[in-house]
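# Per-entry structural report
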Amino acid sequence: MGKLRPGRVEWLASGHTERPRLFQNLLLLLWALLNCGLGVSAQGPGEWTPWVSWTRCSSSCGRGVSVRSRRCLQLPGEDPCWGDSHEYRLCQLPDCPPGAVPFRDLQCALYNGRPVLGTQKTYQWVPFHGAPNQCDLNCLAEGHAFYHSFGRVLDGTACSPGAQGVCVAGRCLSPGCDGLLGSGALEDRCGRCGGANDSCLFVQRVFRDAGAFAGYWNVTLIPEGARHIRVAHRSRNHLALMGGDGRYVLNGDWAVSPPGTYEAAGTHVVYTRDTGPQETLQAAGPTSHNLLLQVLLQEPNPGIEFEFWLPQERYSPFQARVQALGWPLRQPQPREVEPQPPAAPAVIPARTPTLAPDPCPPCPDTRGRAHRLLHYCGSDFVFQARVLGRHRQAQETRYEVRIQLVYKNRSPLRAREYVWAPGHCPCPMLAPHRDYLLAVQRLVSPNGTQDRLLLPHAGYARPWSPAEDSRVRLTARRCPI
């Protein structure tokens, strides 16, 4: 086909607005017909239509569910769209008036006086919460020792009394911090929904001054905006906390306060003390104003560990305030990494924030085409992803990843997902802020309440590169059908 001359295009654009549009449409139609005729399949996934508006809440008071949807537009040969066709969010309405009948009770009551179980007998029904599936309408016949399931409960029904989760399409889903049900979105340590702990600094220090006399000694200023505060020590000394008004919150005026929860600076401070002797202060934050942490010395100070997360813009004022008060700053600078348990109570010299090497044994060698073929063909998902953050909890490691490119998926994927790996030292270990090519499996709990992406031990995870992209595309052709 000959090329259009620039002058011709300029004339069409300036003189006739409808002709070039018609010409472009004809070219698109011709391209589609040629591709269909030549058997060339379209590449990539289809495209979503815009989301429709959220529906009205499923309830008139209390908690309910709202839903919105979109459609996938696919040309012949295109893959299905990536992502979900429906999203559900929790809608919080004013509390129901006292004495209002709960939503699940109303649904059971609809079957009162109606024949069921193939007989003409009728019963009065009340909710039964001992059945396996919380999102079935399980109702107990009053005065009898049996219950009956009338199918699914209506969307927006609480999974169980007092539970956070609500039932949607027969599944119990909990809202993420974004308000979407089942999204799994969590606040990071900085308080940002779905964040990667990159907007705040982790301050972790040890106060070691021995003190020349018994009495109150200043430990640190806990500044406004601090989150996830933790203070701990093991001695017969006592931690003391003073508010911005100069009044003690606990352990002030030479009086020891009982363990418990105290209100301070807009947050709840949990104070514990055992016979260890160990004493701790913990608060979720954020603090609404400054707090002063002190210690009431009765014996030499073995060291007081304290830590909190602070917005980056608040760190310099905090440092300046501490220097103005004349307190020593021999402790290390804050780190922009997740907290790790200290190896020893020794003071670490100040250094540039870096990610400390993990004290984990080396992983087994899993290179080779056989390993790639085994994991690619046996996995549920293969995709390129960027690791946004890593969080260790209990005996698992959770990675937050951003999906970049999907090679294989047996169910829809969201733009951001969590990938779980077994163990505190998983193999292979993924580094934050790097791109990987991952082969993962889908793991659904027996009761359907957890739906996870699992990277198995010694699984397939390679730093992404054009060469790795070529290898995995070749592997895809060799999987048995």
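Residues numbered from 1 in each chain as written. Predicted model: local features only at pLDDT ≥ 70, side-chain atom pairs only at ≥ 80, totals over all residues. Heavy atoms only, no water.

Let us look at a nonpolar patch on the surface. Together, V101, F103, L106 and L154 line one region of the surface with nonpolar side chains, adding up to about 340 Å² of accessible area. Of note, F103 is situated in helix α3 (residues 103–109). (Patch = residues over 30% accessible without salt bridge, like charges linked within 9 Å, V, L, I, M, F, W, Y side chains within 5 Å. Areas by Shrake-Rupley, 256 points an atom, 1.4 Å probe, with all protein chains shown as cover. Salt bridge = Lys/Arg side-chain N within 4 Å of Asp/Glu carboxyl O. Helix = DSSP H or I, 4+ residues; strand = E, 2+ residues; numbered from the N terminus.)

What follows concerns the state of the cysteines. One pass over the full model with this rule turns up nine disulfides. The partner cysteine of C177 in its disulfide is C193, sulfur to sulfur 2.0 Å. Linking C177 and C193, the disulfide has an S-S dihedral of approximately 85 degrees and is accordingly described as right-handed. With C177 in the loop between β9 (171–173) and β10 (200–207) and C193 in the loop between β9 and β10, this pair connects stretches of sequence that are 16 residues apart. (Disulfide = S-S within 2.5 Å.)

A word on the pattern of salt bridges. Evaluated as defined, the whole model comprises eleven salt bridges. Put simply, R68 and E87 hold a salt bridge, and the shortest N to O gap is 2.8 Å. Here R68 is found in strand β2 (residues 63–69), whereas its partner E87 is found in strand β4 (residues 86–92), with 19 residues between them in sequence. The salt bridge partner of E396 is R452, with a shortest N-O separation of 2.6 Å. You can see E396 sitting in strand β21 (residues 396–409) and its partner R452 sitting in strand β24 (residues 451–454), a full 56 residues away along the chain.

Time to look at the sheet that holds strand β14 (residues 248–250). Sheet strands pair by backbone hydrogen bonding; their relative direction is either parallel or antiparallel. The strand order across the open sheet formed by four strands is β11-β18-β13-β14, and the pairing between neighbours is antiparallel. Each edge of the sheet is formed by a strand with only one pairing partner; in this case those strands are β11 (215–222) and β14. Averaged over all pairs of adjacent strands, the angle between their axes in this sheet comes to 35 degrees, without regard to strand direction. In the sheet, strand β13 (residues 238–242) pairs with β14 via two bridges, with the strands oriented antiparallel. (Pairing = 2+ DSSP bridges. Axes fitted to C-alpha atoms, helices over the stretch in contact; angles between N-to-C directions.)

As a further point, take the sheet that holds strand β7 (residues 147–152). Overall, antiparallel pairing links the three strands, which are arranged β5-β6-β7 in an open sheet. Looking at which strands have only one partner, the edges of the open sheet turn out to be β5 (125–127) and β7. On average, each strand axis in the sheet is tilted by 40 degrees relative to the strand beside it, whichever way the strands run. Across three bridges, the pairing between β5 and strand β6 (residues 136–141) is antiparallel. Bridge pairing in β6 places V126 opposite L140.

All right, on to the confidence of the model for the protein chain then. In this model, the protein chain carries a mean pLDDT of 80, and residues with pLDDT of at least 70 account for 81%. Note that residues 34–42 has pLDDT below 50 and, in this model, five contacts with residues that lie over four places away or in other chains. (pLDDT = per-residue confidence, 0-100. Contact = heavy atoms within 4.5 Å.)

To continue, consider the packing of aromatic side chains. Taken as a whole, this structure holds eleven aromatic pairs when the rule is applied. Plain terms: the ring middles of Y315 and F318 are 5.9 Å apart, the flat faces sit at 55 degrees to each other, and that makes the pair tilted. Linking Y315 with F318, this pair stays in helix α4 (residues 312–324), spanning three residues, or about one helical turn. Accessibility classification places Y315 together with F318 in one group, the buried group. One aromatic cluster in this structure is built from Y111, Y123, W125, F146 and F150. Sitting over the ring of Y418, R398 keeps its end group 4.4 Å from the ring centre. (Phe/Tyr/Trp six-rings, centres within 6.5 Å; stacked < 30°, edge-to-face > 60°. Buried < 20%, exposed > 50% of the residue type's maximum accessible area, 1.4 Å probe, protein only. Lys NZ or Arg CZ within 6 Å of the ring centre and 35° of its normal.)

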